[in-house]
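# Per-entry structural report
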Amino acid sequence: MTKTRSKWQLVVVGILLLLTLQYVLWRSLFTLNLDTLVNGVFSLGLLLAEILRLAGSTIQLFFLSQIKDRSREADWGELSVISGRFTPSVDILIPTYNEHPSILRRTIIGCQALEYTRKTIYLLDDTRRPEIKRLAAELGCEYITRPNNLNAKAGNLNNAFPQTSGDLIAVFDADFIPTRNFLKRTVGFFKDKEVALVQTPQSYYNPDPVAYNLGLENILTAEEELFYRHIQPIRDSTNSIVCCGTSFVVRRSALLSIGGFFTDSIAEDYYTGVCLSALGYKLIYLDEKLSAGLAAENIASHVSQRLRWAQGTLQGLFIEANPLTIPGLTHLQRLVHLDGLLYWFTSWSRIYFLIVPIAYTFFGIICFKATATEVLCFLVPFYLLQFSVFSWVNCGSRSAFMSDIYSVVSCFPIGLTVLQTMLNPFSRGFKVTPKGISRESFNYNWQLASPLIIVFVATAISFGFNLSELLIPVSSLPSLETAQLTQGISLAWIWSGYNLLVLSIALLILLDSPNPDTNEWFDLRKVVRINIGGQTYWGMTKLISQVGAQIKLTEKLSISLKDNIKVSLKIMGENLRLQGKITHTDLTSETPTLQIGFNQQMSLPQTRCLIEMLFCGVGQWKPCDTPGELSLLWLLLKSLLQPRFVFNRNPNLSTISSAEVPSSTLTKLNGGIAVVAPAPKAMETVADFQEDNSFQPLLKPISLVAQPRVKPPSVPQKVGEEVAIKVAIPMNPELNSQVEASAHWEAEGETVVIKVAIPNELIQN
């Protein structure tokens, strides 16, 4: 099914395509400066750099109207899985190399919490560590190792392949934790025998290092969001998605037909997908956040990841699985893969754009000839429109300004890697990104900063020189020459000024901020009951992690607190009881706030419940949109003028925004209350539900929990008393069935629980 695009969005795409064609023709025919050999070389180089950048965006715009929304297909597939009509066996593979056992513990428990019966979990240890074998035994999953590390991750997966037997294989990196419904949302696609692979987006439960170093975590989107929310859906329209190495499911028989996971490139995931596609199999991209892992935890790891991706992708030009030549792909598929290959060469375009104004200032090289009228008619409207609608076209996943900053941060190392790969594609092997890293102090990455500092100094000189020249009268020159000089200087100082701003922010990003706590704290609201010194209090969590919680109480304390006083608490709705100590208090307001550190000697059931609550909730990971261009510019300027290393050297806990549960709503229906969504959501009052009259498909028997502060009159006031309600089940546009259900108050936490079972006659294949 093709995703509905607004009429105006398609109109804007059409205008952009026409302006791009007009701009390229104008640049090619009227603006080249071929007066001298040096000017000619630089002028042609600038045109080539621009075309290289525009090629990728033009290809993406061409396919934008064909984006597919797979959610409805996933809905019907989930019904088949829940009803038991389609439940193939699934082997879940977790490859690990050097990740800490605490990271693996979370992933294994998350996989075990998957709501799917026919599953077997395998931990694939490529470093033969005794503690990892003990961890597998403790948690009750299978353990597989091998005597060597041949072919890195792909070799590890292929080693386990013949030792497993599931119809489908799900793969999660060692740090990636699935939500409970991951398999229910993905397995149903395999009812179609032609489907070989289903890929889902990668989300992250820790801050992106770029956002963290700028102090804008929970504001800036991660760099990968553009790929997963914009580029992957576009690639899905031509059956050319990228298999990303984690959070995907593949059909065993299809994988067997290509000889297992691809091993001739360090981008084994990408070329596994290419080989499957070349045999005519379908590759599906389900744009739903169904898992989360650790983003690179410092800027060096962040850039190192991209160097590996660049090398692995470009290795495809030298192997049999080259997507441009491998038999079986269509011309449109090759075009989309070409876009992916060309992307890495745009690092050289970015370097060139940094150098051009410097070359003009220091060497008098003029790469561009145009009158002021031509600039206003062709260049300004083209780039202004591109800049203005960039975020809108890519669904709010990235701003144009932030894209430039990301590219500048890594342009020199990626440019060098591209050159090395083209000369010697297999010079470096697979390198695992380190995870679980803590930092006690600020650390500046001088290796990445060195070339940027040199360019920054040269650009600053260029900016100052061109600005001063612009302010000095040049009337002694002939009028035409004066006009050309003034125009050239004007363009040079504007260009230099923009580069100077981008370089300044990029250099600030290279300063890694302290991150002493490797435990992620989530902005998650849960009702808790706390026992302190024999007194019971109620409160709501403000922050919570695996090691503690920050809780805002509903009343003042009637006892005096001592340091490290022991407490016990129950998290309502989770059946989770924990013990701990108060580590910090804020008693200045009417409602005190306590910070509690949990006892680390938790039982396995406690650990499971806590991890599942923090990481595995259905709808846990919600996409967020990037700020608008002007808002973002203001935020970045604030970060630049008030850097964290000066004004916030000891930041508070870094938190990750987390959705309580997915969008569930209650609404009035014929005098009763109707459930119109598939899973629970904590709300302040039932009235909040009643205000939302939207309808979403109900896909499974549910337990819908509302946690009102005040009991509304529309629900029973006594524990155990029930009220009859009707539940809407809109399976499809032609069917809007209703079934009888009931609601009652629970004794603890005053929560309304509504349970519904879907009649068999409403479940379809």
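About the cut-offs
- Residues numbered from 1 in each chain as written.
- Predicted model: local features only at pLDDT ≥ 70, side-chain atom pairs only at ≥ 80, totals over all residues.
- Heavy atoms only, no water.
- Helix = DSSP H or I, 4+ residues; strand = E, 2+ residues; numbered from the N terminus.
- Buried < 20%, exposed > 50% of the residue type's maximum accessible area, 1.4 Å probe, protein only.
- Contact = heavy atoms within 4.5 Å.
- Areas by Shrake-Rupley, 256 points an atom, 1.4 Å probe, with all protein chains shown as cover.
- Salt bridge = Lys/Arg side-chain N within 4 Å of Asp/Glu carboxyl O.
- Core = buried A, V, L, I, M, F, W, Y, C linked by side-chain atoms within 4.5 Å.
- 1 Å grid on protein atoms, 1.4 Å probe; cavity = no way out; pocket = protein on both sides within 12 Å on 5 of 7 lines; lining within 4 Å.
- Points joined across faces, edges and corners; volume = space filled by probe spheres on them.
- Nonpolar A, V, L, I, M, F, W, Y, C, P; charged D, E, K, R; others polar.
- Patch = residues over 30% accessible without salt bridge, like charges linked within 9 Å, V, L, I, M, F, W, Y side chains within 5 Å.
- Phe/Tyr/Trp six-rings, centres within 6.5 Å; stacked < 30°, edge-to-face > 60°.
- Pairing = 2+ DSSP bridges.
- Axes fitted to C-alpha atoms, helices over the stretch in contact; angles between N-to-C directions.
- Left-handed = near helix turned anticlockwise from the far one by under 90°.
- Expected span 1.5 Å × (residues − 1).
- pLDDT = per-residue confidence, 0-100.

Attention now moves to the overall build of the chain. On a plain count of helices and strands, the chain comes out with 22 helices and 26 strands. Counting over 765 residues, the chain shows a buried share of 55%. Partitioning the contacts of the chain with sequence separation of at least 6, the portion at a separation of at least 24 is 75%. Surface summary for the chain: the accessible area is close to 32,800 Å², and the carbon and sulfur share equals 58%.

So, on to the pattern of salt bridges. A complete count under the given rule lists 26 salt bridges for this structure. R105 is paired through a salt bridge with E138; the nearest N and O atoms lie 3.0 Å apart. Here the residue R105 occupies a position in helix α4 (residues 101-112), and E138 occupies one in helix α5 (residues 130-139), the gap between them amounting to 33 residues. Under the relative-accessibility criterion, E138 is labelled partly exposed at 42%. Note that E612 and R180 form a salt bridge whose closest N and O atoms lie 3.9 Å from each other. Of the two residues, E612 is situated in helix α19 (residues 604-615) and R180 in the loop between β5 (177-178) and α7 (182-186); the sequence distance between them amounts to 432 residues. A single network of salt bridges, built from pairs that share partners, joins R72, D75, E78, R185 and E288.

In terms of nonpolar packing, the biggest core is built from 77 residues, with L214, Y271, M402, I405 and L636 touching the most fellow members. Looking at this core, the element that brings in the most residues is helix α16 (residues 400-423), giving 9 residues. In this structure, L214 is in contact with L220, M402, I505, L508, I509, L636 and S639, ignoring residues within four places of it in sequence.

Here the focus is unusual backbone geometry. Here A152, not a glycine, exhibits a phi torsion of approximately 50°, which is positive. Here A152 is to be found in helix α6 (residues 152-160). Its relative accessible area of 23% is what places A152 among the partly exposed residues. The backbone of N575 shows a phi angle near 55°, a positive value even though the residue is not glycine.

Now for empty space enclosed by the protein. One pass over the structure, following the stated rule, counts 5 cavities of 30 Å³ or more. Lining the second largest cavity, in full, are I59, Q60, F63, I231, I234, R235, V336 and D339. For the lining of the second largest cavity, the secondary-structure elements that each account for two or more residues are α2 (37-63), α9 (225-236) and α13 (331-343). Residue classes in the lining of the second largest cavity are distributed as 5 nonpolar, 1 polar and 2 charged.

It is worth spelling out the side chain of R129 at this point. Within the fold, R129 resides in the loop between β2 (119-125) and α5. Taking the relative accessible area as the measure of exposure, R129 reaches 13% and is therefore buried. Sequence-distant contacts of R129, that is, excluding residues within four places in its chain, are made with T96, Y97, N98, E99, L104 and Y143.

Together, W8, V11, I15 and W392 give the surface a local cluster of nonpolar side chains, amounting to about 420 Å² of exposed area. Here W8 falls in the exposed class, since its relative accessible area comes to 59%.

What follows deals with the packing of aromatic side chains. Considering all chains together, one arrives at 21 aromatic pairs under this definition. Residues Y23 and Y383 carry aromatic rings whose centres are separated by 5.4 Å and whose planes lie at 85° to one another, so their mutual orientation is edge-to-face. Separated by 360 residues along the polypeptide, Y23 in helix α1 (residues 7-30) and Y383 in helix α15 (residues 372-393) bring together distant segments of the chain. For Y23, a relative accessible area of 2% corresponds to the buried category. For the pair F522 and F615, a centre-to-centre distance of 5.3 Å together with 90° between the ring planes defines the contact as edge-to-face.

Okay, the sheet that holds strand β4 (residues 168-171) next. Here we have 7 strands laid out as an open sheet, ordered β3-β2-β1-β4-β8-β6-β9, and mixed in their pairing. Both edges of this open sheet fall to β3 (142-145) and β9 (282-285), since each of them pairs with a single strand only. Neighbour to neighbour, the strand axes of the sheet diverge by 25° on average, direction disregarded. One ladder, built from 4 bridges, connects strand β6 (residues 195-199) with β9; its direction is parallel. Among the inter-strand pairings, Q199 is bridged to a residue of β9, identified as Y285. Packing against the sheet, α5 makes contact with β2 and β3, and its axis sits at approximately 155° to β3. Packed onto the sheet, helix α11 (residues 268-278) meets β6, β8 (248-251) and β9 and runs at close to 130° relative to β9.

Bringing the pairing of strand β19 (residues 593-598) into the picture now. Look at any regular strand and the pattern is simple: side chains alternate between the two faces of the sheet. The element β19 is largely enclosed, with a buried count of 6 among its 6 residues. Both faces of β19 are covered, namely the face carrying T593, Q595 and G597 and the face carrying L594, I596 and F598. Relative to β19, strand β18 (residues 576-586) is paired through 6 bridges, and the arrangement is antiparallel. Among the inter-strand pairings, K581 is bridged to a residue of β19, identified as G597. With antiparallel pairing between neighbouring strands as the criterion, β18 and β19 make up a hairpin whose turn holds 6 residues.

It is the contact of helix α14 (residues 346-363) with α16, at a shortest axis distance of 7 Å, that shows an interaxial angle of 115°. Here α14 and α16 pass one another in a crossing that is left-handed. Contacts from S347, W348, R350, I351 and L354 of α14 reach α16 at D404, S407, V408, C411, F412, I414, G415, L416, V418 and L419.

Time to look at α13. With 13 residues, α13 should reach 18 Å at 1.5 Å per residue; the first-to-last C-alpha distance of 19 Å fits that figure. Buried within α13 are the following residues: Q333, R334, V336, H337, D339, G340 and L341. Summarising the contacts, the buried residues of α13 are in contact with α2, α9, α11 and α12 (299-314).

All right, on to the sheet that holds β5 then. Ordered in space as β5-β10-β7, the 3 strands form an open sheet in which the pairing is mixed. Of all the strands in the sheet, just β5 and β7 (203-204) have a single pairing partner and so form its edges. Summarising the sheet, β7 and strand β10 (residues 291-293) pair through 2 bridges and their orientation is parallel. Residue Y204 lies in a different strand from β10, and its bridge partner there is G293.

Moving on, we come to helix α3 (residues 71-82). Taking 1.5 Å of rise per residue, 12 residues should cover 16 Å, and α3 covers 16 Å from first to last C-alpha, within 8% of that figure. For α3, the full list of buried residues reads A74, D75, G77, E78, L79, S80 and V81. Of the residues trailing α3, G84 is marked for its positive phi of about 85°.

Attention shifts here to the confidence of the model for the chain. Confidence in the prediction for the chain averages 82 pLDDT; 79% of positions are at 70 or higher. Of the regions scoring below 50 in pLDDT, residues 660-765 engages in 250 contacts with residues more than four places distant in sequence or in other chains.

Residues L168 and A170 point to one face of β4 and I169 and V171 to the other, with burial holding for every one of them. Relative to β4, strand β1 (residues 90-96) runs parallel, the two being bridged by 4 bridges. Within β4, the residue paired with D91 across the bridge is I169. Of the pairings in the sheet, the one linking β4 to β8 comprises 4 bridges and is antiparallel in character.

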